[in-house]
Amino acid sequence: MQSIYAMHQNGSDSIEKEEKFLHHSIDSLQDLYLIMLSSLVEIVKSERIYLEKSAKKHLATPQERNPNRKFVNNQVIQMLDDNNSLSVALENRKITNWTQNDDYILLLLNAIKKSSQYTKYMRNSTNTFDEDRQFVVDIFMELIAPNEKLYDYLEDHKLTWVDDIPLVNTQIIKQLKAFEPQDSFRVPKLFKDTEDKEFVSNLFRKTVLNETELAKEYIDKTPNWDTERIAEIDTIILKMAICEFLKFPSIPVKVTINEYLEIAKEYSTPKSSIFINGILDNLVKEFQTNNKLLKTGRGLM
């Protein structure tokens with residue numbers, strides 16, 4: 001949707017160029033995921049270095065010589081640090097953000113150490129896996145993910161990440177919550193299979209190449225709306241949804257409608273989802289009557 005909107009805004013007619021950028025933007029999701037997940041490991045590494053330096057001070061206090069190491073011994077973060085899947089992914093994709101910008105790691109570490117979550121966690125020096133896991137989930141959800149300076153850094157680093165950050169953080173939290181001592185952590189694949197990846201190009205191309213034809217399907221269905229005043233995002237959403245109705249027989253009608261209503265709520269005007277829902281509902285009835293809605297498989301209507 002955003003790629004098609006960008007084509008409209010810059011007047012581009014190069015499908016190949018825009019499709020390449022679309023796939024590049026999606027591919028960079030993996031980098032964002034790795035940057036966010038590895039921040040946990042780097043934060044603990046930074047604290048470990050601090051404790052070691054403090055212990056070596058000439059006039060180190062007894063507490064500095066024998067500190068509470070519960071945080072740096074967190075089992076979940078240690079598992080991430082030792083994980084081969086994560087290490088290989090970071091190496092292959094050349095993720096060095098925290099090496100080059102360790103000031104953000106120190107910023108996050110300070111925020112954690114000043115937090116009530118940290119104070120509560122450090123009341124004793126015993127590590128249990130359940131407590132370690134819950135602590136990591138809590139600091140990621142409440143201190144790292146919503147950090148405004150980190151958000152600004154990520155936005156400046158790559159503008160397309162603005163909409164991707166919630167998706168990536170949700171995936172990481174889901175994985176952290178499901179962590180078990182016997183688990184072998186795996187960095188998830190960007191696409192579940194080849195067909196999943198091909199869908200990106202197919203939906204983009206079929207919508208762009210058939211925009212005029214797709215627009216004809218809804219223009220006469222908006223008697224109370226001036227078609228020239230319909231939000232451009234709404235017209236793109238309608239075209240994409242109609243494209244799925246007519247040209248993607250394996251996608252259930254309800255899935256299409258629900259997906260595009262959510263997109264409208266997120267990106268368009270307050271009344272857009274109601275407007276789009278009404279148009280799509282009427283079109284589905286018309287397509288069914290005219291036998292244009294040819295869905296294959298069980299439960300796809």
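Scroll up to find the structure this text is about.
Given the structure is predicted, the values throughout are model-derived calculations rather than measurements. (Residues numbered from 1 in each chain as written. Predicted model: local features only at pLDDT ≥ 70, side-chain atom pairs only at ≥ 80, totals over all residues. Heavy atoms only, no water.)

Caption draft 1: Region of the structure containing the packing of helix H1 (residues 2-10) against helix H14 (residues 232-247). Between H1 and H14, the shortest axis-to-axis distance is 10 Å and the interhelical angle comes to 130°. The angle between the axes of H1 and H14 places the two elements in the oblique class. As H1 runs across H14, the sense of the crossing is right-handed. Of the residues in H14, those touching H1 at Ile4, Tyr5, His8 and Gln9 are Glu232, Ile233, Ile236, Lys239 and Met240. (Axes fitted to C-alpha atoms, helices over the stretch in contact; angles between N-to-C directions. Helix = DSSP H or I, 4+ residues; strand = E, 2+ residues; numbered from the N terminus. Parallel < 35°, antiparallel > 145°, perpendicular 65-115°, else oblique. Left-handed = near helix turned anticlockwise from the far one by under 90°. Contact = heavy atoms within 4.5 Å.)

Caption draft 2: Highlighting helix H11 (residues 165-177). An ideal rise of 1.5 Å per residue puts 18 Å on 13 residues; H11 measures up with 18 Å between its terminal C-alpha atoms. Buried residues along H11 sit against helix H2 (15-55), helix H4 (75-82), helix H9 (129-144) and helix H10 (148-157). (Expected span 1.5 Å × (residues − 1).)

Caption draft 3: Molecular detail of the nonpolar core. Core analysis: the largest hydrophobic core is formed by 87 residues, its most contacted members being Phe71 and Leu176. Contact partners of Leu176, with chain neighbours within four places excluded, come to Leu40, Val76, Leu80, Arg133, Val136, Val137 and Phe140. (Core = buried A, V, L, I, M, F, W, Y, C linked by side-chain atoms within 4.5 Å. Buried < 20%, exposed > 50% of the residue type's maximum accessible area, 1.4 Å probe, protein only.)

Caption draft 4: Focus on the pattern of salt bridges. Per the counting criterion, the structure on display carries 15 salt bridges. Residue Asp27 is joined to Arg93 by a salt bridge in which the shortest nitrogen-to-oxygen separation is 2.8 Å. One end of the pair, Asp27, is in helix H2; the other, Arg93, is in the loop between helix H5 (84-92) and helix H6 (97-100), and 66 residues separate them in sequence. Under the relative-accessibility criterion, Arg93 is labelled partly exposed at 27%. Here Glu217 makes a salt bridge to Lys292, at a shortest N to O gap of 2.9 Å. Taken together, the positions of Glu217 in helix H13 (residues 211-219) and Lys292 in the segment after helix H16 (272-289) put the pair 75 residues apart, joining distant regions of the chain. By relative accessible area, which is 13% here, Glu217 ends up buried. Counted as one network, the salt bridges with shared partners bring together Glu16, Glu19 and Arg205. (Salt bridge = Lys/Arg side-chain N within 4 Å of Asp/Glu carboxyl O.)

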